[in-house]
Amino acid sequence: MADFLESEAEESEVESDDEQPAERKKPKRKAAVQSDDEEEDEEDDEDRLREELKDLIDDAPIDEDSDGEDSDASAGPKKRKKSDDELDDRLEDEDYDLIEENLGVKVARNKFKRLRRLEDDDSDNEGADDPELEREVIAEKLFVAGSDEEDENRSESAAPREVEYDEEGEDGESDADDFIVDDDGKPIAKKKRKPIFTDASLQEGQDIFGVDFDYDEFDKYGDEDSEEDDEEDLDQYISDDEEEGERKRTKKGKAKRPSKKSIFEIYEPSELKRSHFTDLDNEIRKTDIPERMQIREVPITPVAEGSSELEDEAEWIYKQAFLKPPVSKADSQESRERTRRGPSTVVKIRQALDFMRNQTLEVPFIAFYRKEYVQPELSINDLWKVYKYDAKWCQLKQRKENLLKLLENMREFQLDKVMQNPDAPIPENMRLIKDEDIDRLKSVQTPEELRDVHTHFLLYYSSDLPEMQKVQRTKEKKREIEEKKRAARAEAERNGEDPEEAAASVEAMPDEEDVIEVKYAVRSGPYELCRRAGIDGLVKMFGLTPEQFAENVRDNYQRHEVEQQPIPPLEAAAPFVGASGSAQEVLRRAVYMCGVQLAREPQLRGTLRDALRERATVSAKPTARGLKEIDESHACFTMKYLKKKPVRDLTGDQFLRLTMAAEDKLLELTISENIEGNTGPNYLDELKNLYQKDEFAATVQAWNDLRAEAVTIAFSKIVMPEMRRELNALLLQESKEYVLKCCRRKLYDWLKVAPYESRVSDDDDEEWDTNNGLRVLSIAYVPDRQHSAFACLCAGGGEVADHLRLPHLLYRRNAWDALERQNKEADMTALRRFILRKKPHVIVIGGESREALNIKADVIEVVQQLVEDEQFPRIPVEIADNHISKIYSNSLRGRNDFREYPDILREAICQARLLQDPLMEISTLCGHDEEILCFRYHPLQDQIAKEDLLEGIELEFVNRVNEVGVDVNEAILTGRGTELLQFVCGLGPRKAQALIKLFKQTNQKLENRTQLVTFCHMGPKVFINCSGFIKIDTSSLGDSTEAYIEVLDGSRVHPETYEWARKMAVDALEYEDEDANPAGALEEILEAPERLKDLDLDAFAEELERQGFGNKSITLYDIRAELNSRYKDLRLPYRSPTAEELFDILTKESPESFFVGKMVLASVVGITHRKPQREMLDQANPVRNDETGLWECPFCHKNDFPELSEVWNHFDAGACPGQATGVRIRLDNGLSGYIHIKNLSDRHVADPTERVRIGQTVHCRILKIDVERFSVDCSSKSSDLLDKNSEWRPSKDPYYDQEAEDKDLRKDKETKQTKERMQYVKRVIVHPAFHNISFAEAEKLMENMAQGEVIVRPSSKGADHLTVTWKVADGICQHIDVREEGKENAFSLGRSLWIQGSEFEDLDEIIARYVTPMAGHARDLISYKYYKPLGGMRDKAEEILKEEKAKNPNKIHYVISAAKNHPGRFLLSYLPRARCTHEYVSVTPDGYKFRQRMFDSLGGLLKWFKEHFRDPPPHGTPAARTPAMRTPHGMSSMYHTPAAHTPAFHTPAHTPGPAYINTPYTPSAQTPYMTPFATTPRQPDFLTPAAIPRHKPAPVPVYQEPSDWQKAAEDWVRHRTVRDTPATPRSSEGMSTPRQSSRTPRMDSRSTPRHDSRTPRHDSRSTPRSHSGRQSRAQSVRSTPQTNTSPRSMSLGDATPLYDEN
């Protein structure tokens, strides 16, 4: 490559300007061929192309001026003619064939060279012009390794082309070169293009596409000698590109052929970085340091000799990483390990650091080959922790050094400033840097402490930093000039010149460049303003420096007494008062300044930090959203309410879950602001006491108050908020580290499994031998019969040998459908033949769902048939977790590997390979696309930073890969396992990539570990790290190589200990020294390793240590173990999953997601019965229902047998399923479940169908999990679901705040109740009087309505209540509660309506029988002459009565008014003497109620009142608020709602139209029981013609009120015989409630005809009444007219009117 580029560069230098016209010709010709897509040159180039092609292809001699160029050369035409003569003598193909046949050798066929050259150029240009094509070719070379078959085929096909290239030789080149001549006519001799690639395939690509850069530049990472050459090559290449670009710009401004492009021009930088092709990646490849050490955030640096840094670092790492406990108990295992490590660990850590930093040995090498120096204290994971903390140490050390330099510079600056005027006092605002400050910085142990020191420094010295920087820069310049002067003087003296003159010339030289000035932030905060105001002196009067106060807090006693000022604070502040402000303001500023100084004191911050981490508590409270969303399935359910939980008691990922809930606005998470003190409850009070003077003088108290205020500002406003944020971040980090550890543990569980070992034992048959690898038959499916299942067979090395499509695998063999059985049998036959033909050692089935068990049973049956019929060995059948294989099947890697295969087949392939080698198969996803992150390691893995998770995964792979080793030859041969090489100790993605590419390009094998140095140019450091972990299968090399085969290369023995292994072999065989052949001894000892047992390895180790090889005691034992079994697999052997593991695999659940006590949703799939036994049938006692006359089965409770004999026939036929025992259910995850009938409900359930139906979804709790039967027992009891005693729910945190939860629940309940009272459920009821409005809206609407009008509206009591509002009088409305029963849904109207004890069929009946009569009675009272609209106000009534009494003292005056406070009542006020009396008259549907008596008419009421007004009112009578809400009498007993009444609102057409207010209500066919609108009187105008309003005089004699009361009494006696007394008590028959107690209960009566158990209704109505009053009341004008369409004669058993024909 270098020679080629140099020759190209030389050629371009030789070319001169006069050669440009001749040089221009060739690009023209090439451009003509490719000019089809250049429209602007199309016409010009067409003629030129025709001319050139004519000259080019024609065999006739070409004229010298054919191209219009002047050429007077003589040599040119001669040479050309010679070439043309050769062309004339050319042979045909048949001639060549004949010659070859006779000679038996191949003959070079130089045929149509010119034309072919042009075609090559043409193709060259096309390839160059198509950037996409060029990009694809380079991508194929660089990024896609490609399969090995493709590489081999490409090499084979490329080889003949390469031979042809060589055979053409100079003649071919010169023939092509003859076309281009210079001005003298001489052909321009172009240098022969040398092949630049050793790989034939790459050379072919270079020939075709003209890509002239060498890919091997990236592979020469180990050749240190060629580094400089490579840099020169790159420079020459770049300059060559630039020159060529300049030449092309001169050619008529048109670049016909694009310049050569590098990969940096073709690819995006992000792609290059992802694929490791940047300059930095090349540097990493070449550098002889392990790759992971180079790319670490803080690179590994060696320690200087004689330095004690390693001892300090080891001590620091021991304290920080192994001794210091974390704040929370995130990982209990780590705390146990911490106790077992003693001080001896420091020595081991120091040794490990020495290996890492000074010898650049990676962790796996130390763990495997330096065990003596780190074990037993440090495991491999501990070594990784040391490695990680080494980076932290280096970072901390560097920062400390930077800050120390800053402090020393500032100290020097202060000294210079003070020495400018030594006699002047030190300024008040200057704080000198002391030795204590330097020592404190040197003693810093953590980044937090360093940050404290830095902020402290900035507080006092930030204002001086710019000036200090300027002074420092000036000093450096002076120092540099002095150095230059000294050097100039020395040079002048050597040259014999004048030294001073040389020094002066140096001083006169101008500055070369300005140093970039670092600008510091300009601080203009409150503290800086106070400092500029110059009140530092006042702050010092507070009595303690911040350092002294910090020591007091640290020691928790007043080590330093407060220096008390003798004057009060205001007097002390007076000198500091400026032009504006007051002493009070100055004091306030001084307090703030003091608080800031205290808060920035590093020692105080350290003490407070430790106190907070030790005593801080966490509290949590749910938000309004959290109360709804955090149920018992939520991760934070057990911590929903936390009260002062100490942070040290946080475990696992608890804090991470709390933080996530807080981020989702589900929880309010707080870290305590106040912490407990050392002796008292409040730490702040203790701090204040440490800054107080213990005296009682007023001045002292005033200063103490200021000090306390300063401490409060420092503690509460500055330090603690920062410390809480810091603690929050630390707790979060510890939780995330725990999650990362769980992720690594999960990956370890996958990687720790060894390849499956065949259990098939058939010694006689070689076909079952596993020497050529394990054959695995894998079956994958999806639980959907629409998709086919697939079986594939993977042979040794993971090669897919064959596959089989099984479209009907999930069908059942015993299916009722014959076609299904036939298809299933066909699949089983195909599978049987496949197994018979391929002979797998094991069969594995993907555990997608429970169907895997059925498939396993089918496969076992097939294997059993083969065992019986074909004498097959019994092949094991396994079910494996398909989590990894599913991700592989959908990954980019899987699609690239098997692009033509469906996802399910790819899944089957991955399953098989996982059984062959889990480590190798999982590692295939560790590519650039980072698909390894797609695995689910932990539910919270997404909360970890992607880089951290990748690093943790990589470390786990590094540990396992180095434990197992990597066979490079096998990886390159099969194409699998190449990803493993990046995890080998010392290597990484870049170095491994270069290594694989080198072997692929050279097509060579790694025959011994020495070739890693000789052939791969690996440096000594990387070689030492990686050589022991790269294994070579020496037995497979055999006689295929002439190189020396080292048998130890196939073992874990490191090359540095080969001599000791040979010595052990020789000693074990007891060879004499002169007879010893170490290589032969090794081979002999490998065949009989038991002879090594007699060696005394301890003595050998002592001898080695005496010779200076160090302690090798464990290494020698490891060598002996390795010679016993070379590269023995240390992974755990594969085992079949246990019943519980299989349950988790098939259900996709885990113990965390599926457990006893969990509440789940399930669907009912059936009812279970216990079939009665014969003796039970014989003793059965069928029961007859007296109401229906039908017989009932005592077991299944079927009750439709007309005769007893049919019950026995039911038994004999076996049709009785028996007594119901429970309910079968199916859970969402496919598990079957069972609810015993006793767990169905808290109440006794005889028939489960009363509670559930098939297909219904129910909530239930898991009581028991049977993992073997894949079933669960559940309970749907309300008590279990509510679980008030917390028997089933996850146990709550010990610090759970139950009081707060109960308080919130009470508050929530009260809020709901209030809301329910305020709100109503919108109902869908079709009735002109119904409105979906609230209480207030109803009253507002009533204002413009007439008296007696009715509005029916939803009730705030719930969906099963309605409210009837009717207008009593102006401004007075009564609200009547109506209860509904028999509702179909929450929005419809109930089948029966109840007002207290009275039942109504529908709203029309309520209005007609209940409201309208009351409204009429109220209207009579309102129209009475003594009615006054007083609203029931007693004082107003008294005023009126007294006025009337004054006018007419002889008369007893009375007034009636409607009571506003008691709607439905009227206040009767009268003045018998001097004192007014007030009594209430209640309006009911049956009349008026006064003094617990009922009156039919107003006249009867007033008459009785006037006769008995002197009687005392009855005592103990309950005064009902709403007298109307009582059981109606008389007519109410004659109306009953049919049991199975289906009202109008159940139909789909129940949505009311736009306006129903004034539309008459017409019953539809769906509402046969509503009274027609015309028969439902609402006002007097709507009364029937037969009705006579009460306020109009009737023709019959009506009682006339006499003039005085005495006559009235006599008149009453006279008429007593004519009329009955209205006060006669009602008979018990009349008082009975509408529904008799002897009726069938409502629930059963719906299925039983009503007339079977009751007297027909019209009979009761036809019974004559005993009292005329009642009879007249029964015929009241407000009652519903009894017509043929009246509800009285209808029932809705079958929606047909039922008349009683009797």
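The following paragraphs examine the structure supplied in this document. All values derive from a computational prediction rather than experimental measurement.

Here is what the cut-offs are and how they apply
- Residues numbered from 1 in each chain as written.
- Predicted model: local features only at pLDDT ≥ 70, side-chain atom pairs only at ≥ 80, totals over all residues.
- Heavy atoms only, no water.
- Helix = DSSP H or I, 4+ residues; strand = E, 2+ residues; numbered from the N terminus.
- Buried < 20%, exposed > 50% of the residue type's maximum accessible area, 1.4 Å probe, protein only.
- Contact = heavy atoms within 4.5 Å.
- Areas by Shrake-Rupley, 256 points an atom, 1.4 Å probe, with all protein chains shown as cover.
- Polar contact = N/O pair within 3.5 Å; in protein donor to acceptor, adjacent residues only side chain to side chain.
- Axes fitted to C-alpha atoms, helices over the stretch in contact; angles between N-to-C directions.
- Left-handed = near helix turned anticlockwise from the far one by under 90°.
- Nonpolar A, V, L, I, M, F, W, Y, C, P; charged D, E, K, R; others polar.
- Pairing = 2+ DSSP bridges.
- Salt bridge = Lys/Arg side-chain N within 4 Å of Asp/Glu carboxyl O.
- Phe/Tyr/Trp six-rings, centres within 6.5 Å; stacked < 30°, edge-to-face > 60°.
- Lys NZ or Arg CZ within 6 Å of the ring centre and 35° of its normal.
- Core = buried A, V, L, I, M, F, W, Y, C linked by side-chain atoms within 4.5 Å.
- Parallel < 35°, antiparallel > 145°, perpendicular 65-115°, else oblique.

Scanning the chain for helices and strands turns up 64 helices and 27 strands. Buried residues in the chain amount to 45% of all 1702 residues. Summarising the internal contacts of the chain: among those between residues at least 6 apart in sequence, 67% fall at separations of at least 24. With the model as given, the accessible surface of the chain reaches about 90300 Å², and the carbon-plus-sulfur share is 49%.

This next bit is on the side chain of Glu1380. Residue placement: Glu1380 occurs in strand S20 (residues 1372–1381). In terms of polar contacts, Glu1380 uses its side chain to reach the backbone amide nitrogen of His1361, at 3.5 Å. For Glu1380, the contacting residues outside a window of four places in its chain are Arg1323, Ala1359, Asp1360, His1361, Leu1362, Ser1388, Leu1389, Gly1390, Ser1392 and Leu1393.

For the rest of this paragraph, the subject is the packing of helix H23 (residues 465–495) against helix H24 (residues 499–508). Any two packed helices are characterised by the angle at which their axes cross and by the distance between the axes. At a minimum axis separation of 8 Å, H23 and H24 run at an interaxial angle of 145 degrees. Judged by the sense of rotation from one axis to the other, the crossing of H23 with H24 is right-handed. In this structure, H23 contributes Ile481, Lys484, Lys485, Ala488, Arg489, Ala492 and Glu493 to the contact, and H24 contributes Pro499, Glu500, Ala502, Ala503, Val506 and Glu507. A class-by-class count of the residues in the contact of H23 with H24 yields seven nonpolar, no polar and six charged.

The strand order across the open sheet formed by five strands is S18-S19-S20-S21-S22, and the pairing between neighbours is antiparallel. Strands with a single pairing partner mark the edges of an open sheet, and in this sheet they are strand S18 (1350–1354) and strand S22 (1398–1400). The sheet shows a mean angle of 35 degrees between the axes of neighbouring strands, direction not considered. Sheet topology places S18 next to strand S19 (residues 1361–1369); five bridges connect them, and they run antiparallel. From the neighbouring strand, Val1350 faces S19, where its bridge partner is Trp1366. Relative to S19, helix H57 (residues 1403–1422) is tilted by about 20 degrees, and along the sheet it contacts S18, S19, S20, strand S21 (1392–1395) and S22.

Within the fold, Tyr1480 resides in strand S25 (residues 1477–1484). The residues contacting Tyr1480, other than those within four sequence positions of it, are Arg1434, Ala1459, His1462, Arg1465, Phe1466, Leu1467, Lys1489 and Phe1490.

As a further point, take the pattern of salt bridges. Should the charged atoms of two oppositely charged side chains come close, the side chains can pair. Inspection of the entire model under this criterion finds 82 salt bridges. Put simply, Arg990 and Glu291 hold a salt bridge, and the shortest N to O gap is 2.7 Å. In this pair, Arg990 sits in helix H43 (residues 989–1002) while Glu291 sits in helix H14 (residues 291–294), placing the two residues 699 residues apart along the sequence. Take Arg990: its relative accessible area is 11%, and that puts it in the buried class. Since its relative accessible area comes to 0%, Glu291 is described here as buried. Between Glu878 and Arg759 there is a salt bridge whose closest N-O contact spans 3.3 Å. Taken as a pair, Glu878 in strand S8 (residues 877–880) and Arg759 in the loop between helix H34 (698–751) and strand S4 (776–780) lie far apart in primary sequence, 119 residues in all. Relative accessible area serves as the criterion here: at 5%, Glu878 is assigned to the buried category. A single network of salt bridges, built from pairs that share partners, joins Glu448, Arg451, Asp452, Arg600, Arg605, Arg609, Arg613, Glu722 and Glu726.

Time to look at the packing of aromatic side chains. Using the criterion set out here, one finds 37 aromatic pairs in the structure. Here Tyr1470 and Phe1505 contribute two aromatic rings whose centre-to-centre distance is 4.9 Å and whose plane-to-plane angle is 70 degrees, an arrangement assigned as edge-to-face. Highlighted residues: Tyr1470 in strand S24 (residues 1465–1471) and Phe1505 in helix H59 (residues 1498–1508), separated in sequence by 35 residues. The two residues Tyr1470 and Phe1505 agree in class, both being buried. Three or more aromatic residues joined by ring pairs form one cluster here, namely Tyr1424, Tyr1426, Tyr1454, Tyr1470, Phe1490, Phe1495, Trp1504, Phe1505 and Phe1509. Between Lys392 and the ring centre of Tyr389, over which it is positioned, the NZ or CZ distance is 4.5 Å.

Phe549, Ile932 and Phe957 are the most contacted members of the largest nonpolar core, which has 185 residues in total. Tallying contributions element by element places H34 first for this core, with 21 residues. Not counting residues within four places of it along the chain, the set of residues in contact with Phe957 comprises Leu747, Leu751, Leu919, Ile922, Ser923, Cys926, Ile932 and Phe983. In this structure, Leu777, Ala789, Val867 and Ala1162 belong to the second largest nonpolar core, which totals 54 residues.

In this fold, Pro326 is placed in the loop between helix H15 (309–323) and helix H16 (332–340). For the pair formed by Pro326 and Leu730, sequence separation is 404 residues and the distance between their alpha carbons is 9.2 Å.

What follows concerns the environment of Arg833. Position of Arg833 relative to the elements: it lies in helix H35 (residues 818–838). A residue is classified by how much of its surface remains accessible, and Arg833, at 56% relative accessible area, is exposed. C-alpha of Arg833 to C-alpha of Val862: the two residues are 29 residues apart in sequence and 9.7 Å apart in space.

It is worth spelling out the sheet that holds strand S11 (residues 1159–1170) at this point. Within the closed barrel, the five strands sit side by side as S11-S14-S15-S17-S16. Their pairing is mixed. Across the sheet, the mean angle separating the axes of adjacent strands is 50 degrees when strand polarity is ignored. Two strands pair when backbone bridges link them, and S11 and strand S14 (residues 1219–1227) are joined in this way by eight bridges, in the antiparallel orientation. Paired with Ala1162 across the strands is Leu1227, a residue of S14.

A separate point is the packing of helix H47 (residues 1058–1069) against helix H48 (residues 1078–1087). Running from amino to carboxyl end, H47 crosses H48 at an angle of 70 degrees, the nearest separation of the two axes being 8 Å. It follows from the interaxial angle that H47 and H48 lie roughly perpendicular. On H48, the residues that touch Ala1061, Arg1062, Ala1065, Val1066, Ala1068 and Leu1069 of H47 are Pro1078, Ala1081, Leu1082, Glu1084 and Ile1085. Here the residues of the contact of H47 with H48 are counted per class, giving nine nonpolar, no polar and two charged.

The pairing of S25 with strand S26 (residues 1487–1490) spans three bridges and is classified as antiparallel. When the bridges of S26 are listed, Val1483 appears paired with Tyr1488. Two strands pair when backbone bridges link them, and S26 and strand S27 (residues 1493–1495) are joined in this way by three bridges, in the antiparallel orientation. Among the inter-strand pairings, Tyr1488 is bridged to a residue of S27, identified as Phe1495. Hairpin connection between S26 and S27: a loop of two residues separates the two successive antiparallel strands, and Arg1491 in this loop has a positive phi of roughly 50 degrees.

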